[in-house]
Amino acid sequence: MSTRQTKILNWSKKAPGIWSSIIGSPEAFTPFSAINVKPALQALKKRENTPFPFNPDSIKVDIISSRIIIRLPLKEDEKIFGFGLQFMRINHRGRTRYLRVNSDPKIDTGETHAPVPFYVSSRNYGVLINTSRIVTIYCGSCVRKDSKYSSIIRDRNTDPLWTATPISDSVEIMIPGNGVEIFIFSGNTVLDVVERYNLYCGGGALPPRWGLGFWYRMPTNFNAEQIIREAEELRKRDFPCDVIGLEPGWHSKSYPTSYEWSKERFPQPAEFIDKLRSKGFRVNLWENPYVSPSSKIYPKLKPLSGSHTVWGGIVPDYSLPEAREILKAQHTREHISLGVSGYKLDECDGSELTDNSWIFPAHATFPSGHDGEQMRQVYGLILQKMITDIFHERNIRTYGLVRASTAGASSLPYVLYSDLYDHRQFVRALCNSSFSGLLWTPEVREAKSSEEWVRRIQVACFSPLAMLNAWSSQMKPWSFPEVEPIVRKYIKLRMQLIPYFYSAFARYHFDGTPPFRAMALEDDLSKTDAAEIDDQYMAGDSILVAPLFGSERAREVFLPEGIWYDFETGERFRGGQVIQVSAGLEKIPLFVRNGGIIPMMPALSHVPQTGEPVPLEIRHYGTVSGNFKLFDDDGESYAYEKGFYRWRILEVKVLPDGKKQGSISKVEDGWNSSYGRITWKFIE
Ligand code: GAL
């Protein structure tokens, strides 16, 4: 028998433009509690007190048969963005989203590696459900009898406007259980809403500077000697690279995982890491969370693990501090103290209803009392936090990869990836991740042609993590000799743009602004058709990236209002329109805003050590004055959390006679600047 209770919500204000309400009796285990989210309240306090976006009485809540149903009003013109790492669409209006973690998200249901129960509306508000349960969100995809639109009935035989999803006046959210916490965010623009969400989650992640260099994941069974040889080859061939990734073969056992070095392939791990470090490379280790019986930590973790195994390995309950301590101690002793810089946290995103059913079931039990459904939804989040904490305790920043995430992740220095490989979907995911506090890499693995290879490399170089993952393909940056110079050019360009990208990440941390973002987050494009553009995006504040795919040589690009300049040639384009662009293989169309300032460093083979200043070429594009906040800190430690950082203001003034004057703000004597000699380049 179904019971029904209707609730009136009480809202408590958390920060300017942010409210929460507790409905019924929520479970204690949520994404926020799992990682102890600490809102950046100081930064939030500086935001305007924007109004609550609804008439509070228009929000309806029912508890029906152990399900919470929340109904929020929806205007006819509203678009809905977000829900985490979505591959299939950008505007979810009219769709039902089933937000379950899924390692193989090939269908447009809302399931994905990183489903986030957070959406933003084109009407400048956001809604977050802080739960570790699977949430279903009907984004205007169902119509109630009492809806103001329910009387509009069209005849399918004669009316071309008939549609399977008639217009609806509400979003309905269904959460299993007897209680939940809901947050509402408001802002002046969609970007403002997203920024407040990121700040509420602690501010965006600030990777170490080396994390923004080029990454190369080695073939899975390569041994220490082969890897060193490959690293030397990179240097010889003049390909910048900062991070070498080791795939499953570094372990003595990997499916399930021992976390111990293979004695055959890596007899002297400390020497191996030192040798790479001396050549300017960091080492990142692959692992999955399922512990092999051969591992020394297995006996200690077994009583702290769930009821089911994966590939014969136990599934530790890392929501328990004592389980975390066991893994942390082992990783510190056997990897991090040897110089390992981070991890790729693989396969924490299983779901049972995929082609491959490999994960523990939803009814699995864990010693903490959480069940399999909850653990699957937040496992990736808990892993990210646990590993970040190890580094944080040592005052070292890390940057790594993860295959699952959810709400609250903004501050965690992890980048998502997938075994999917559709290039357009990869770019769409780059746009979509920016609505939900996630970072994503459109990693390059292989290609059917040299054209595809170049197009993929170009996009990867304009993403949060520029990576070739050769674990299975054994591809090398020079695998297509006919395009080797082009590949080198883009990996070098990535290197040159590090001061620009690093500053964009610092803004992510301090202001919540996503460093790579969808066009819908630009000014007020969210209300226009341009909001649904999912094949071009912004990299930092000034560069618009319009990738070409496969053998394409031309495409349409939407340029927002204003004047734009071709990044390379300085050719001028009028914005506020769609333009036709053609570009050969050597070129990814990049446009810089009028007044845009781009600080660039030399294409070094790897990011310099702390304290080694790099010269800067500062480019200014166009005819209007502009400025840029250049971030400066040691690039590696958490000293910035204690105020050890500086913003250098780069300014270009365009004088009445058209002459341009560049200046950089001073830092006090004794400040160890990361930037040396400065030259200005004015492009128009
Ligand atoms: C997959 C992962 C790949 C690679 C591989 C190694 O799960 O997505 O990138 O790491 O495992 O076995």
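Describe the overall build of the protein, naming the residues involved and giving the relevant values.
Scanning the protein for helices and strands turns up twelve helices and 35 strands. For a compact globule of 684 residues, the expected C-alpha radius of gyration is about 26 Å, and the protein comes in at 25 Å, within 12% of that figure. Considering only C-alpha atoms, the protein reaches an extent of 70 × 70 × 55 Å along its principal axes. When burial is assessed residue by residue, the protein has 63% of its 684 residues classed as buried. The contacts of the protein with a sequence gap of at least 6 include a subset with a gap of at least 24, amounting to 73%. Accessible surface for the protein amounts to roughly 25300 Å². Of this, 49% is attributable to carbon and sulfur atoms.

Help me get a handle on the site of the ligand, residues and values and all.
Neighbouring the ligand are the residues Glu247, Pro248, Tyr255, Trp286, Lys344, Asp346, Glu347, Arg403, Tyr417, Asp419, Asn469 and Trp471. Asn469 is positioned such that a nitrogen or oxygen atom in its side chain is 3.1 Å from an oxygen atom of the ligand. For the ligand, whose accessible area on its own is 310 Å², the fraction buried by protein is 94%. Residue composition of the shell around the ligand, by class: five nonpolar, one polar and six charged.

Go over the sheet that holds strand β32 (residues 626-632), please, and point to the residues and values.
Each strand in a sheet pairs with its neighbour through backbone hydrogen bonds, running either in the same direction (parallel) or in the opposite one (antiparallel). Taken in spatial order, the three strands of this open sheet run β32-β33-β34, and their pairing is antiparallel. With partners counted over all chains shown, the strands left at the sheet margins are β32 and β34 (660-664), one partner each. In this sheet, adjacent strand axes meet at a mean angle of 15° when their direction is disregarded. Summarising the sheet, strand β33 (residues 646-654) and β34 pair through five bridges and their orientation is antiparallel. Within β34, the position partnered with Val654 by the bridge is Lys660. Each of β32 and β33 is contacted by helix α12 (residues 498-511), which is oriented at about 85° to β32, the strand it contacts most.

So, the pairing of β32: which residues are in play, and what are the values?
With five of its seven residues buried, β32 lies for the most part within the structure. Here β32 pairs with β33 via seven bridges, running antiparallel. Paired with Phe628 across the strands is Leu650, a residue of β33.

Provide a residue-level description of the sheet that holds strand β30 (residues 597-600), including the pertinent values.
Strand order across the open sheet formed by three strands is β30-β31-β35, with mixed pairing between neighbours. Each edge of the open sheet is held by one strand with a lone partner, namely β30 and β35 (675-683). Each adjacent strand pair in this sheet contributes to an overall mean axis angle of 20°, direction not counted. One ladder, built from four bridges, connects β30 with strand β31 (residues 614-621); its direction is antiparallel. Residue Pro599 lies in a different strand from β31, and its bridge partner there is Ile618.

Provide a residue-level description of the layout of surface pockets, including the pertinent values.
Volume-wise, the largest pocket comes out at about 830 Å³. What lines the largest pocket is a set of 31 residues, among which Gly202, Gly203, Ser411, His509 and Glu641 lie closest to the centre. The dominant element in the lining of the largest pocket, judged by the number of residues it contributes, is helix α8 (residues 372-393), at four residues. Of the residues that constitute the lining of the largest pocket, the class distribution is 14 nonpolar, ten polar and seven charged.

Tell me about α12, and please be specific about residues and values.
With 14 residues, α12 extends 19 Å between its outermost C-alpha atoms, agreeing within 8% with the 20 Å of an ideal straight helix rising 1.5 Å per residue. α12 sits mainly inside the fold: 13 of its 14 residues count as buried. Note on α12: the residue one or two positions beyond its end, Gly512, has a positive phi of about 80°.

Explain the confidence of the model for the protein residue by residue, including any values.
For the protein, mean pLDDT is 96; residues scoring 70 or higher make up 99% of the total. Mean pLDDT across the secondary structure elements of the protein bottoms out at strand β1 (residues 4-7), with 76, and peaks at strand β20 (residues 414-416), with 99.

So, the nonpolar core: which residues are in play, and what are the values?
Leu246, Tyr318, Trp453, Phe462 and Ile543 are the most contacted members of the largest nonpolar core, which has 180 residues in total. At ten residues, the largest contribution of residues to this core is made by α8.

So, unusual backbone geometry: which residues are in play, and what are the values?
The omega torsion of the bond from Tyr255 to Pro256 falls at 5°, within 30 degrees of zero and hence cis. Take Pro256: it is sitting in the loop between β14 (243-246) and α5 (269-278). Positive phi outside glycine occurs at Asn36, with the angle close to 55°. Counting through the fold element by element, Asn36 comes out in the loop between α1 (31-35) and α2 (41-45). Unlike most non-glycine residues, Phe83 shows phi in positive territory, near 65°.

Here is what the cut-offs are and how they apply
Residues numbered from 1 in each chain as written. Predicted model: local features only at pLDDT ≥ 70, side-chain atom pairs only at ≥ 80, totals over all residues. Heavy atoms only, no water. Helix = DSSP H or I, 4+ residues; strand = E, 2+ residues; numbered from the N terminus. Rg over C-alpha atoms; globule rule 2.2 N^0.38 Å. Buried < 20%, exposed > 50% of the residue type's maximum accessible area, 1.4 Å probe, protein only. Contact = heavy atoms within 4.5 Å. Areas by Shrake-Rupley, 256 points an atom, 1.4 Å probe, with all protein chains shown as cover. Near = heavy atom within 4 Å. Polar contact = N/O pair within 3.5 Å; in protein donor to acceptor, adjacent residues only side chain to side chain. Nonpolar A, V, L, I, M, F, W, Y, C, P; charged D, E, K, R; others polar. Pairing = 2+ DSSP bridges. Axes fitted to C-alpha atoms, helices over the stretch in contact; angles between N-to-C directions. 1 Å grid on protein atoms, 1.4 Å probe; cavity = no way out; pocket = protein on both sides within 12 Å on 5 of 7 lines; lining within 4 Å. Points joined across faces, edges and corners; volume = space filled by probe spheres on them. Expected span 1.5 Å × (residues − 1). pLDDT = per-residue confidence, 0-100. Core = buried A, V, L, I, M, F, W, Y, C linked by side-chain atoms within 4.5 Å.

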